[in-house]
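# A closer look at the structure
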Amino acid sequence: MKTTGIVRRVDDLGRIVIPREYRRAYDIEIGDPMEITADENGIITLKRVDMGAEFKRAADTSAAFLAEKFGWTALACDRRRIISAYGKKHGVFSGKDITLKLSEIVAGYKPVFVVPTAALGESAEEYSACFVCPVTGAKGPEGALIALSDEDFSESETRIIELCARIVANNMQKC
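Residues numbered from 1 in each chain as written. Predicted model: local features only at pLDDT ≥ 70, side-chain atom pairs only at ≥ 80, totals over all residues. Heavy atoms only, no water.

A word on a nonpolar patch on the surface. On the surface, a nonpolar cluster with roughly 330 Å² of combined accessible area is contributed by Ile36, Ile44 and Leu46. In this structure, Ile44 sits in strand β2 (residues 44–48). (Patch = residues over 30% accessible without salt bridge, like charges linked within 9 Å, V, L, I, M, F, W, Y side chains within 5 Å. Areas by Shrake-Rupley, 256 points an atom, 1.4 Å probe, with all protein chains shown as cover. Salt bridge = Lys/Arg side-chain N within 4 Å of Asp/Glu carboxyl O. Helix = DSSP H or I, 4+ residues; strand = E, 2+ residues; numbered from the N terminus.)

Here is the structure:
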C-alpha cells in the first residue's frame, strides 16, 4: 500500500474527511455509499459500493416480472444504454445505446407515454404503445423501466409499471 503522508484527525462525531485528491482520483462524490471494513491488524478500509450493479439487478428483476406477467416487451435502461430486455424482440434492444428522446425522458423524472419509435428507434416500429417510467436514485435519475405493447396501457397498468420503478429506486436506497 502506498502512503501519501496525509494525516487527518477524527472529529468529535467520529468522522474523517477523505482528501479531495482521493475523491477526485477515485470519483467519490457526496452521498456515495461506502463500505467500511477492518482486519485483525487494525487496518480500516473504505470501498465504494457499486450502485450500478445494484441498479442493474433490481431493474432486471422488474423488467422480467413485467414481461412475464403482462406479456409486454419490458426493458430497463441506465443513463446510457438498454441494460436488460425481456419479451418479444428483446434481443433487438439489449445493449443498444438509448436515444436522445429516451435520455431526455430519464432526465425529466416524470413517467410518460411516448411514440415507441421516438423512444427506441425503428426497432420499435411494430409496437403501438410505449410507457417510460424513470427510476430516480439518491443522486438523481439512474435510468428507466420501459414497457412496449401492441395495445394501449390502462391506468392500472401504468401504475404497476410506476410501482416497479419505485421498487427499483427503493432497493437502491437500502444499499
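Most of strand β3 (residues 73–78) is tucked away, with six of its six residues classed as buried. By the alternation rule, side chains of β3 split into Thr73, Leu75 and Cys77 and Ala74, Ala76 and Asp78, which are all buried. Where β3 and strand β7 (residues 140–149) come together, six bridges link them in antiparallel fashion. Residue pairing across strands places Thr73 opposite Leu148, the latter belonging to β7. (Buried < 20%, exposed > 50% of the residue type's maximum accessible area, 1.4 Å probe, protein only. Pairing = 2+ DSSP bridges.)

With that out of the way, let us pick up unusual backbone geometry. Positive phi outside glycine occurs at Lys89, with the angle close to 60°. Residue position: Lys89 is located in the loop between β4 (82–86) and α3 (90–93).

Spatial ordering of the open sheet is given by β4-β3-β7-β6-β5, a layout of five strands whose pairing is antiparallel. Edge positions in the sheet fall to β4 and β5 (112–113), since each has one partner strand and no second. Two strands pair when backbone bridges link them, and strand β6 (residues 129–137) and β7 are joined in this way by nine bridges, in the antiparallel orientation. Looking across to β7, one finds that Cys130 is bridged to Leu148. Packing of helix α4 (residues 100–107) onto the sheet brings it into contact with β3, β4, β5, β6 and β7, and relative to β7 it is tilted by some 120°. (Contact = heavy atoms within 4.5 Å. Axes fitted to C-alpha atoms, helices over the stretch in contact; angles between N-to-C directions.)

Overall, the coordinates contain six aromatic pairs when judged by the stated rule. When the ring of Phe65 is compared with that of Phe70, the centres are 6.2 Å apart and the planes differ by 85°; the resulting orientation is edge-to-face. The class for Phe65 is partly exposed, based on a relative accessible area of 36%. According to the relative accessible area criterion, Phe70 is partly exposed, its value standing at 31%. Grouping aromatic residues by their ring pairs yields a cluster made of Phe65, Phe70, Trp72 and Phe153. (Phe/Tyr/Trp six-rings, centres within 6.5 Å; stacked < 30°, edge-to-face > 60°.)

Before going further, it helps to examine the pattern of salt bridges. All told, the structure shown has seven salt bridges when counted by the stated rule. In this structure, Asp11 engages Arg15 in a salt bridge whose closest nitrogen and oxygen atoms are separated by 2.9 Å. With a closest N to O distance of 2.7 Å, Glu155 and Arg159 form a salt bridge. With Glu155 and Arg159 both in helix α6 (residues 155–174), this residue pair falls four residues apart, about one helical turn. Grouping residues by exposure puts Glu155 and Arg159 together as exposed. Overlapping salt bridges bring together Lys88, Lys89, Glu126 and Asp150 as one network.

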